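These are the residues of each chain, in order.
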Amino acid sequence: MKQSRLENIIYLAVWGLLFAVPLLSLYVRTVSDTHIGFNWTEVLIVWRHFAVYLLLFLVHNFLLAPLLVHKHKRITYFVSVTAILVAFMVYKYNCRPERVEHKPPMERPLPPPSTKAGDREGRKPPFRHFRPPFKGDAKPPFNGDWEGHDAPPPIVFFGEREILAIVLLILMFAANLGIKNYIRSRDDRKRLVELEKQNLEQQLEYLRYQINPHFFMNTLNNIHALVEFDPVKAQEMIVELSKMMRFVLYEGNKQSVPLSRELDFIRHYVTLMQLRYTERVRITLNLPQETPERQIPPLVLITFIENAFKHGVSYQRESFIEVTVMVENETLRFSCHNSKADRPNEEKGGVGLANVRRRLDLIYGEKYRLSIKDKPDAYHVELYLPLV
């Protein structure tokens with residue numbers, strides 16, 4: 001997924017401001033104090049730290065964030081982010097300044113024994129066993145055992161600076177996800193408005209051209225011919241025509257319809273079109289017997305079928321139209337294969353493949369696949385749509 005222009009502008013503005021802060025800070029210091037010179041070394045040191053964050057941001061923005069925002073791969077995303085955080089911790093630990101080794105307090109030596117005559121006579125000088133007290137308390141002298149003394153500070157692998165760096169990195173990732181979700185929701189709202197407008201235009205086009213007076217006239221003439229020698233079948237055709245028109249009028253303006261109703265509409269349409277042609281036109285319709293309860297945009301597949309009847313039927317030679325709909329792994333596979341007429345039908349109809357492509361782009365984005373093969377004697381359309 002390509003980033004929007006607004007998103008790129010936001011990132012450039014934020015990072016540009018961050019890299020400009022050291023320059024501005026040093027400039028203010030030099031202006032306020034003339035004894036301070038402009039030292040580029042300080043700026044480069046700060047930029048070096050910022051460069052590490054910028055590199056991690058680029059990795060998260062272009063590789064990891066799309067996994068969660070667009071592809072919804074939560075486990076892959078959190079595992080990858082955890083690995084980056086661990087690697088960043090190791091980097092910060094290796095780059096930390098060396099600690100000053102804590103040394104235990106030295107025992108203060110006792111004064112040497114006195115050699116005065118009074119001492120030889122067994123008198124003990126008052127200061128022989130006197131030991132000056134330790135500053136601040138009266139703890140016994142250190143004899144190699146830490147009992148009774150302050151123990152050395154424990155070895156801490158991560159101090160306040162390292163913890164702060166990790167928190168800043170997590171907040172940076174969270175801000176990146178927030179911006180992407182905001183941009184995506186904004187684009188979805190715009191796409192929804194444009195889709196509603198496109199649906200309305202497509203519906204109007206369909207009513208004007210696809211189900212046009214010529215279609216009704218030909219279909220009703222065929223039904224009228226059936227009334228004389230097969231009244232029962234004529235009545236069935238009238239019922240199918242009414243069902244098809246009910247679908248167009250009441251379901252065609254919705255964003256999505258059940259897949260079963262869309263397939264019923266295709267079935268009615270093909271059945272009515274078969275009344276217009278002789279056995280020289282071989283029409284094959286393969287629809288799934290069991291339809292899952294999934295939704296699909298209305299009146300999308302019928303455009304390709306209508307084009308097949310419009311451009312693929314020849315009155316001079318044998319023609320064929322093969323329509324297949326299959327559901328595989330939550331994906332709808334639509335295939336329409338037809339011959340090409342020497343002189344295609346000139347009557348207007350359909351909304352055109354360009355409008356269909358545009359509508360599919362608005363609804364599915366990059367999640368659908370459309371393949372059209374235009375050969376000299378045949379035309380093949382294959383469409384894959386994710387079902388919701």
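Refer to the structure presented above.
What you see is a predicted model; the values in this text were computed from it and never measured. (Residues numbered from 1 in each chain as written. Predicted model: local features only at pLDDT ≥ 70, side-chain atom pairs only at ≥ 80, totals over all residues. Heavy atoms only, no water.)

Draft legend 1. Representation of the packing of helix α7 (residues 231–250) against helix α8 (residues 259–274). Direction vectors running N to C along α7 and α8 enclose 135°, while the axes themselves pass 9 Å from each other. What the angle tells us is that α7 and α8 run oblique. Crossing handedness for the pair α7 and α8: left-handed. Note on element contacts: α8 touches α7 through R261, E262, F265, H268, Y269, T271 and L272, opposite M237, E240, L241, K243, M244, F247 and V248. Considered class by class, the residues forming the contact of α7 with α8 number eight nonpolar, two polar and four charged. (Axes fitted to C-alpha atoms, helices over the stretch in contact; angles between N-to-C directions. Helix = DSSP H or I, 4+ residues; strand = E, 2+ residues; numbered from the N terminus. Parallel < 35°, antiparallel > 145°, perpendicular 65-115°, else oblique. Left-handed = near helix turned anticlockwise from the far one by under 90°. Contact = heavy atoms within 4.5 Å. Nonpolar A, V, L, I, M, F, W, Y, C, P; charged D, E, K, R; others polar.)

Draft legend 2. The nonpolar core, seen in detail. If you look at the biggest cluster of nonpolar residues, it comprises 49 residues, and the most contacted ones within it are I296, I305, F309, L332, F334, L360 and L383. By residue number, the principal contributor to this core is α8, which donates eight residues. When residues no more than four places from it in sequence are discounted, the contact partners of I305 are I266, Y269, V270, V323, F334 and C336. (Core = buried A, V, L, I, M, F, W, Y, C linked by side-chain atoms within 4.5 Å. Buried < 20%, exposed > 50% of the residue type's maximum accessible area, 1.4 Å probe, protein only.)

Draft legend 3. Representation of helix α1 (residues 5–32) in the model. Its 28 residues place the ends of α1 39 Å apart at the C-alpha level, agreeing with the 40 Å of an ideal helix rising 1.5 Å per residue. Inspection of α1 places E7, Y11, W15, F19, P22, L26 and T30 among the buried residues, and these make up the whole buried set. (Expected span 1.5 Å × (residues − 1).)

Draft legend 4. Spotlight on the pattern of salt bridges. Counted according to the given criterion, the structure contains 11 salt bridges. Ionic pairing is found between R267 and D264, a salt bridge with its closest N-O pair at 2.6 Å. One end of the pair is R267 and the other is D264, both in helix α8 and three residues apart, which spans about a single turn. Of the residues examined, R267 reaches a relative accessible area of 33% and is grouped as partly exposed. The exposure class of D264 is partly exposed, given its relative accessible area of 33%. Ionic pairing is found between E330 and R294, a salt bridge with its closest N-O pair at 2.8 Å. (Salt bridge = Lys/Arg side-chain N within 4 Å of Asp/Glu carboxyl O.)

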